[in-house]
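# Coordinates in review
Given next are the chains, with one letter for each unit.
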Amino acid sequence: MLELDGADGGGQLLRTALSLAVVTDRPFRIESIRATRPNPGLAAQHLAAVNLAASYCDAEVEGAELGAETVTFVPGGRRRSSLAARIDTAGSVTLLCDTILPVAAVDDEPVQLTATGGTDVKWAPTVAYYRRVKLPLLATQGLDAELDLERTGFYPAGGGEVTLRIASSSLSRFDIDTRGELEKVEVFSKAAADLADREVADRQAARAASRLDEMGVPTEVASVDYVETASLGSSLLLRATYDHTVAGFSALGERGRTSEDVADEALADFDHFHAGTAPVDEHMADQLLVLLALAGGRIRIPRITDHVRTNLDLIGAFGSDIEATSQPDGTYRVRADRIRDFDEGC
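Below is a short write-up of the structure. (Residues numbered from 1 in each chain as written. Predicted model: local features only at pLDDT ≥ 70, side-chain atom pairs only at ≥ 80, totals over all residues. Heavy atoms only, no water.)

## Quick look at the packing of aromatic side chains
As enumerated under the stated definition, the model contains 5 aromatic pairs in all. Ring centres 6.5 Å apart and planes at 75° place the aromatic pair Phe28 and Phe318 in the edge-to-face group. Of the two residues, Phe28 sits in strand E2 (residues 28-31) while Phe318 sits in the loop between helix H8 (306-317) and strand E15 (322-326), which places them 290 residues apart along the sequence. Ring geometry for Phe249 and Phe270: centres 5.8 Å apart, planes at 70°, overall edge-to-face. Taken as a pair, Phe249 in strand E13 (residues 246-253) and Phe270 in helix H6 (residues 259-274) lie far apart in primary sequence, 21 residues in all. We note that Phe249, like Phe270, is buried. Among the aromatic residues, those joined into a cluster by ring pairs are Tyr242, Phe249, Phe270 and Phe273. Lying over the aromatic face of Phe273, Arg179 brings its terminal NZ or CZ to 4.8 Å of the ring centre. (Phe/Tyr/Trp six-rings, centres within 6.5 Å; stacked < 30°, edge-to-face > 60°. Helix = DSSP H or I, 4+ residues; strand = E, 2+ residues; numbered from the N terminus. Buried < 20%, exposed > 50% of the residue type's maximum accessible area, 1.4 Å probe, protein only. Lys NZ or Arg CZ within 6 Å of the ring centre and 35° of its normal.)

## Digging into the sheet that holds strand E4 (residues 71-74)
In spatial order, the strands read E1-E2-E4-E3; together these 4 strands make up an open sheet with mixed pairing. In this open sheet, the two strands that pair with only one neighbour each are strand E1 (2-5) and strand E3 (60-62). Neighbouring strand axes in the sheet, compared pairwise and without regard to direction, differ in orientation by 15° on average. Both E1 and E2 contribute to a ladder of 4 bridges, which runs parallel. From the neighbouring strand, Glu3 faces E2, where its bridge partner is Arg29. (Pairing = 2+ DSSP bridges. Axes fitted to C-alpha atoms, helices over the stretch in contact; angles between N-to-C directions.)

## Quick word on the pattern of salt bridges
A full pass over the atoms with the stated rule returns 26 salt bridges. Glu161 is paired through a salt bridge with Arg151; the nearest N and O atoms lie 3.6 Å apart. Residue Glu161 is located in strand E8 (residues 160-166), and its partner Arg151 is located in strand E7 (residues 145-151); the two are separated by 10 residues in the primary sequence. Arg335 is paired through a salt bridge with Asp321; the nearest N and O atoms lie 3.3 Å apart. Here Arg335 is found in strand E16 (residues 332-336), whereas its partner Asp321 is found in the loop between H8 and E15, with 14 residues between them in sequence. Using a relative accessible area of 42% as the deciding quantity, one classes Asp321 as partly exposed. Several salt bridges converge on common partners, so that one network encompasses Asp175, Asp177, Arg298, Arg300, Asp329 and Arg333. (Salt bridge = Lys/Arg side-chain N within 4 Å of Asp/Glu carboxyl O.)

Below you can see the structure in the form of structure tokens.
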């Protein structure tokens, strides 16, 4: 059994451990979960991730309760193709998807997950980012998956619902090292229906499009939507398509923030990324590491964040030969060999 220390990381370390434990059939015990966070231990979304992974493979689990700082997870032999997970708070449904996505990506059978909770919340990929940036990028690596949005859930009520479908796929070796020229930036803007009279989604999109035009960037306003939700909120995604890759930059509306402020945040992130040379954005860098370890290959990322550093260490503990080396342009190249042969499936 692997003994893991979760003190220096957040929920990502737990999700990575769950995914890799199922794939490698390696049990683990993780201690000091989220120990440095203001509210350490398992929050609702982390507990939902543990229960989801356990349900998928019929695992034996100890410590699966709110606030627990130690969890033991022993994978079982059964695999379920239809899964459901519920977070009663606005905990992120896309992070639940990220728990099962790497596992299903190397499974022989299709997997479907229906998850409820927060769809557009802080510290997590929005549904638009997941659908329009992450999955299209992974499709170039052989992943056959789609995410359907049934209902949007903003903070604090949540109540959103998504369905992730992953078909039997064959991941190719990663080689995401160059991005090429910028083709265009698409703007996706969304707000609660109760904010339509204040034109929140329209103003977010107009501000982003106007500023991008001033920057000389080919721009398309792809969607402006108002949706029924349990809580007021808004979100914005800028999807930048390059010759060889795609990147995304999201921002969320909240009380006391103007629509223009939301747009300016996403624009600042795009501008910073575009000034560099990395082919994936900073948030995608962390999300790709588990899949990189399963398929092998290399990706080039903007920088080594704390999330990336702790994730690399944990993936290495599961047997991956994975390392990051600095490049002359200030980026980092992450290279990994496959943890194991998946010809026989999970």
